[in-house]
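The residues making up each chain are set out below.
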Amino acid sequence: VYSGIILSTVLEPCFLHMAAAQCMVHEIHPRSFTVPCLLLNETSLIPSAAGVVQSSSALRREYGAAETNPSLLMDEESFLCCLWSNNNTNCSLYRGNMQARMLIPSEISIFASEKRDSNWNIECWVEGKLDLLVCNLQFLKFHMRLDMKVHLLYAVSELSLGDTSTSSLKRTALAAQCNCSESSKCECHVPSPRLNHTYIMWLKTVSGVTPLWSPLMSVKPIDIVKPEPPLNVHLEMTERGQVKICWSEPVLMPYPLQYEVNISGNSGQNDWQVVQVALNTSLDIDSMLLDSSSFAQVRCKNHYGPGFWSEWSTLYNLNVGAEVLYFPTKILTSVGSNVSFHCIYKNKTKNVASKKIVWWLNLAEEIPESQYTLVNDRVSKVTLFNLKATKPRGSFFYNALYCCHQNRECHHRYAELYVVDVNINIKCETDGYLTKMTCRWSANPNALLLGSSLQLRYHRSKIYCSNFPSTPPESEVKECHFQRNHSYECTFQPVFLLSGYTMWIEFKHSLGTLESSPTCVVPADVVKPLPPSNIKAEITKNDGLLNVSWANPVFTNNDLKFQIRYAVNKEELTWELYDVLSVSTRSAVIEVQLCVEYIVQIRCRALDGLGYWSNWSRSAYAAVKDIQAPLHGPEFWRTITEDPATGHTNVTLLWQPLMKNHALCSVSRYVIKHQTSENTSWSEYVDKGTTCSFPWTEHTHTITILAVNSIGASSVNFNLTLSRQMSTVNAVQSLIAYPVNSTCVILTWTLSPQIYEITSLIIEWRNLNKEEEMKWVRVPPNTSKYYIYDHFILIEKYRFSLYPVFAAGVGKSRATDQFTKDGYASQTSSSLYMVLPIVISTSVLLLGALLVSHRRMKKLLWEDVPNPKNCSWAQGVDFQQRMDILSSLIMVTACLNLWAISQAS
């Protein structure tokens, strides 16, 4: 090769030649080839950086060089450039710092002249997984010496072959790991090849200290890929019964593949039938091949460019695979749809007629014959209607459909039916600020197939939604985020309020894609407004109504309706709802309980019903305040204590606090007004407590207690007059206490005729065994019996007292400290003695009526009994025994009725 001359036409056509910086680089094709190797004299090697060990981690990372042996990285500045044929070899030695020159004969050893003994046979390919470049090397007619070392050196360039020069090889070269055997064969591995880069390679073998060189070679890994053989060779059938061989691509290749299918009549024959197949992964075959012992294999290679053929796939027996065929073998569909399956069935070696084929679901349910269709004499079709979702059965998420002989002989193969519920409801709402729309949807995780995925697709139109939304041809995928409650949430921001968003859920699986029914949403129609603000709640004066007012939320018009919920403010809230019917007002008045603190919240939504209710507003509290003056003063009683030593009498007043509904709503203090017989009066105040004491020195002393709140004092009040004269009036003749149980005692009494009118009666009771406070109750004057409910210990002693109260004073009391256990019972039973004769007489009359009825019924039955002499079916029947049984039943019924009457009595 001469300096500056580009030689491209004198080379053999089997190489792609190039002149790159005055040196020839030979392209590696997807087949084996032979290159010469020259053993040079030592004088031809100018000392250079050869042999200098480099350790560049950056290069190892960039080009995937092995890190196992650092000495395999060398600085090479001398390269052998050759043109050769079977009869001649012309080489030059190129160095990076000099021009190429011709080698003189003295520089070429005797091994170079014997070219046939110093050639390498090389074949390089990329493994089907695209992760390893392999080169097989073999000496031709030459045995390797034990001390010979083989190196496959290479450099990687991103440039194409025409743009690559040997000047780039002045950088550190990389060495592939080579393993050699005694049979003069070596295998070198280049890991992780870059498919679209250019690899410049050359061989260098060293025997002792003398190197053996090969010319420069170049290759693009993508051009020498040897794919993996096709997978999953099997038989399938079409809807019309056409049988075809199908297979799967080996791995995801960077280019389309072409295939060859070999079919033979016997696995041992060598006369294969080769059929070219283009890009399809199936081939229609003659059904006659299924009736004999036929076998098939498939291989593949690059369809549009160079590359190796893969190995043949595993041998597939067509006869075994055709025992039963389904079309399709698997179906993915949605709930409510109809699907059809086709089947060809062979019983051993005979084809079964389609009219003799039956279908079973999960080998548990025979499908009715009305759902069968005879496509032809060999193909049977079954249709399933209105499918329901497949229920998972353990690790199986499908229903198995079996094609069987009518004698219930079934093959173990089956078709798989996957039914998924894609009726997914999408709900969207636009926030109150009108800046974003959030859509939510959920799917049952137990109903999803393994390996499936869900995504929301949508299309935005510039106008409102149509009445019947459909899936548009163009759509986008919206990113949605999975929530804890097995739901998804998607956000559209910014949002176009008047545009129509058509959206649906896409269910993707390796078996196919399903879509939910599309729904169309206009963001302006699904607004969830902000809650009302400035909430105020108060109880009105005088009438005690709950008055609520508020302000409309922002970004809304006045066409809103409102809902108020309110509850008594306590630990457990029981809400009540109130709808505001008038939209013009921003207030409402609600009738509620008096003297109770209320908590109030409000929400709103569009008046036309579109969109959603807003969230409830913050809480407002209607505090308890006085509505009116108390309705009346408290009921009260007195206890009188006398000091025998001094003769002074002290009176203590006792009263119960007013209930809120009587106090309306609180009592700030009580006013005790005194009026004596000497026409003197005064008042005293009790702010806290329910007792008050004072000395009684007059003959007559009248007390009135008023309840006072922030509105005023009670106008209706109770009076009590203490009179020494009236305290001697004896109006109670008797007083009896009857214990009912530990919680109830009945008190009865009788009053004597009086000239004074009794206004009320006061009952007192106290446990004499314990120092307990006296308890009292006021009862109407026209009663003679009262049930006292309290906690009584019946073995202890109690005192019960009854006081008559007159307008002029309190009369003399009657007291008892004993329980009467049988007196009340004897009074109660006296009425029973009056009723008992009536009950007995009624029972006698009823018994007589039953006996008369019994005789008449017996007579009527005997009249209808047939004569056994005239009626064959009556012969041998004991009518007397059956009549006795009927009589016994009537008598038993009568006795039971009498017993029930006696028990009721």
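Along each chain, the written sequence defines residue order, and numbers are assigned to residues from 1. At least 70 in pLDDT is required for a residue's local features to be given in this predicted model, at least 80 for side-chain atom pairs to be given and counted, and no such filter applies to totals for whole chains, interfaces and linings, which use all residues. For side-chain calculations, the full set of non-hydrogen atoms in the structure is used, while hydrogens and water are omitted.

*Asks:* Help me understand the sheet that holds strand 39 (residues 480-482) in this model?
*Replies:* Across a sheet, strands are paired by hydrogen bonds formed along the backbone, either parallel or antiparallel in direction. Strands are treated as partners if at least two bridges between them are detected by DSSP. Runs of E in the DSSP output that reach at least two residues are strands. Runs of H or I that reach at least four are helices, and both are numbered from the N terminus. In space, the four strands of this open sheet follow the order 35-36-40-39, with antiparallel pairing throughout. The sheet is open, and its two edges are formed by strand 35 (427-430) and strand 39, each paired on a single side. Adjacent strand axes in the sheet meet at a mean angle of 25 degrees, parallel and antiparallel pairs treated alike. Across six bridges, strand 36 (residues 437-442) lies against strand 40 (residues 487-492) in antiparallel orientation. Across the sheet, C439 pairs through a bridge with C490, a residue of strand 40. Only the contacting stretch of a helix is used when fitting its axis, a line to C-alpha atoms as for every element, and angles between N-to-C directions run 0 to 180 degrees.

*Asks:* Before we go on, may I ask you to explain the packing of aromatic side chains in this structure?
*Replies:* For any two aromatic rings, the description comes down to two numbers: the centre-to-centre distance and the angle of the planes. Between rings of Phe, Tyr and Trp, where Trp is taken as its six-membered ring, a pair exists when centres lie within 6.5 Å; planes separated by under 30 degrees are stacked, by over 60 edge-to-face, and by other angles tilted. Under the criterion given, the structure shown has 23 aromatic pairs. Aromatic side chains F792 and Y798 sit 5.4 Å apart centroid to centroid with 70 degrees between the ring planes, which places their arrangement in the edge-to-face category. Neither residue differs from the other here; F792 and Y798 are each classed as buried. An aromatic cluster is defined as three or more aromatic residues linked by ring pairs; in this entry it consists of F396, Y398, Y402, Y414 and Y418. Exposure is judged per residue with a 1.4 Å probe applied to protein chains only, and the accessible area is read against the type maximum: over 50% gives exposed, under 20% gives buried, and values in between give partly exposed.

*Asks:* Looking at this model, I keep getting lost on the side chain of R299. Mind explaining?
*Replies:* Within the element layout of this structure, R299 appears in strand 23 (residues 295-302). In the analysis that follows, any N or O atom pair within 3.5 Å is treated as a polar contact, provided that within protein one partner can donate a hydrogen and the other can accept it, and provided that, for residues neighboring in sequence, both atoms belong to side chains. Among the polar contacts made by the side chain of R299, one reaches the side chain of E260 at a distance of 2.8 Å. Contacts were defined at the residue level, with two residues in contact if any of their heavy atoms lie within 4.5 Å. Non-local contacts of R299, meaning those with residues more than four positions away in its chain, are made with P230, Q258, Y259, E260, W309, S310, E311 and W312.

*Asks:* In this structure, what is going on with the pairing of strand 26 (residues 330-334)? I would like to understand it.
*Replies:* Side-chain positions along a regular strand alternate between the two faces of the sheet. Of all five residues making up strand 26, four are buried, and the element is well covered by its neighbours. Pairing of strand 26 with strand 34 (residues 415-420), which is carried by five bridges, proceeds in the parallel orientation. Paired with L332 across the two strands is Y418, which belongs to strand 34.

*Asks:* I keep staring at the pairing of strand 27 (residues 339-347) and nothing clicks. Help me out?
*Replies:* Among the nine residues that make up strand 27, seven are buried, leaving the element largely enclosed by the rest of the structure. As paired elements, strand 25 (residues 324-327) and strand 27 share four bridges and run antiparallel to each other. Across the sheet, residue Y326 finds its bridge partner in strand 27, namely C343. Pairing between strand 27 and strand 32 (residues 380-384): five bridges, direction antiparallel. Considered in strand 32, the bridge of H342 is made with K381.

*Asks:* Quick question: what am I supposed to make of the environment of S452 here?
*Replies:* Of note, S452 is situated in the loop between strand 36 and strand 37 (453-461). With near-sequence residues (within four places) excluded, S452 lies in contact with F507, K508 and H509. In terms of polar contacts, S452 uses its side chain to reach the backbone carbonyl oxygen of L449, at 2.5 Å.

By themselves, these are just geometric observations and shouldn't be taken as functional.
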